[in-house]
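In case you want the letters, here they are:
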Amino acid sequence: MRTTSATRAEADAWITVLSRYGHLHHAEPGPDGAWTVQRTPTSTPRTLHHPVLALDFVAEVLRDVRRAPSGLPR
């Protein structure tokens, strides 16, 4: 359980790392600190307007990555 609230810097760092490691098809920061993210080329883009929403999305991606058999493309 978190004892501090999520920050934009933390959300930015996580989304950047997921993108660099190929776990996101598209990630684009917006001018207001929001992120537009897309898991796969065919998935619906999502706009994450708050750091808490971004970290919820990150947790979802990490759960999927951990469940995927190694060696398979994401």
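Higher on the page you've got the structure.
Let me sum up the structure you'll find in this document. All figures in this text were calculated on a predicted structure; none of them were measured in a lab.

## Considerations on the pairing of strand 1 (residues 26–29)
Thought 1: Bridging between strand 1 and strand 2 (residues 35–38) involves four bridges; their strand directions are antiparallel. For E28, the partnering residue across the bridge sits in strand 2 and is T36.
Thought 2: Counted along the chain from strand 1 to the antiparallel partner strand 2, the turn is five residues long, and its residue G33 has a positive phi close to 90°.

## Some details on the packing of helix 1 (residues 8–20) against helix 2 (residues 51–67)
Thought 1: Closest axis-to-axis distance for the helix 1/helix 2 pair is 9 Å, and the angle between their directions is 30°. When the axes of helix 1 and helix 2 are compared, the pair comes out roughly parallel. As for the relative orientation of helix 1 and helix 2, their crossing is left-handed in sense. Facing R8, E10, A11, W14, I15 and L18 of helix 1, the residues of helix 2 in contact are P51, A54, L55, V58, V61 and L62.

## Details of the pairing of strand 2
Thought 1: In the sheet, strand 2 pairs with strand 3 (residues 46–48) via three bridges, with the strands oriented antiparallel. Counterpart to W35 in the pairing with strand 3 is L48.

## Looking at the nonpolar core
Thought 1: In terms of nonpolar packing, the biggest core is built from eleven residues, these being A11, I15, L18, L24, W35, V37, L48, A54, F57, V58 and V61.
Thought 2: Element by element, the count of residues in this core is highest for helix 2, at four residues.
Thought 3: Sequence-distant contacts of L18, that is, excluding residues within four places in its chain, are made with H23, L24, V58, V61 and L62.

## As for the pattern of salt bridges
Thought 1: Throughout the structure, instances matching the rule amount to three salt bridges.
Thought 2: With its nearest N and O atoms 3.3 Å apart, the salt bridge here joins R46 to E60. Of this pair, R46 sits in strand 3 while E60 sits in helix 2, and the two are 14 residues apart along the sequence.
Thought 3: With relative accessibility at 28%, the residue E60 sits in the partly exposed group.
Thought 4: As a salt-bridge pair, R67 and D64 come within 3.5 Å of each other at their nearest N and O atoms. You can see R67 and its partner D64 sitting in helix 2, three residues apart, about one turn around the helix.

Reading guide: rules and limits
- Residues numbered from 1 in each chain as written.
- Predicted model: local features only at pLDDT ≥ 70, side-chain atom pairs only at ≥ 80, totals over all residues.
- Heavy atoms only, no water.
- Pairing = 2+ DSSP bridges.
- Helix = DSSP H or I, 4+ residues; strand = E, 2+ residues; numbered from the N terminus.
- Axes fitted to C-alpha atoms, helices over the stretch in contact; angles between N-to-C directions.
- Parallel < 35°, antiparallel > 145°, perpendicular 65-115°, else oblique.
- Left-handed = near helix turned anticlockwise from the far one by under 90°.
- Contact = heavy atoms within 4.5 Å.
- Core = buried A, V, L, I, M, F, W, Y, C linked by side-chain atoms within 4.5 Å.
- Buried < 20%, exposed > 50% of the residue type's maximum accessible area, 1.4 Å probe, protein only.
- Salt bridge = Lys/Arg side-chain N within 4 Å of Asp/Glu carboxyl O.

By themselves, these are just geometric observations and shouldn't be taken as functional.
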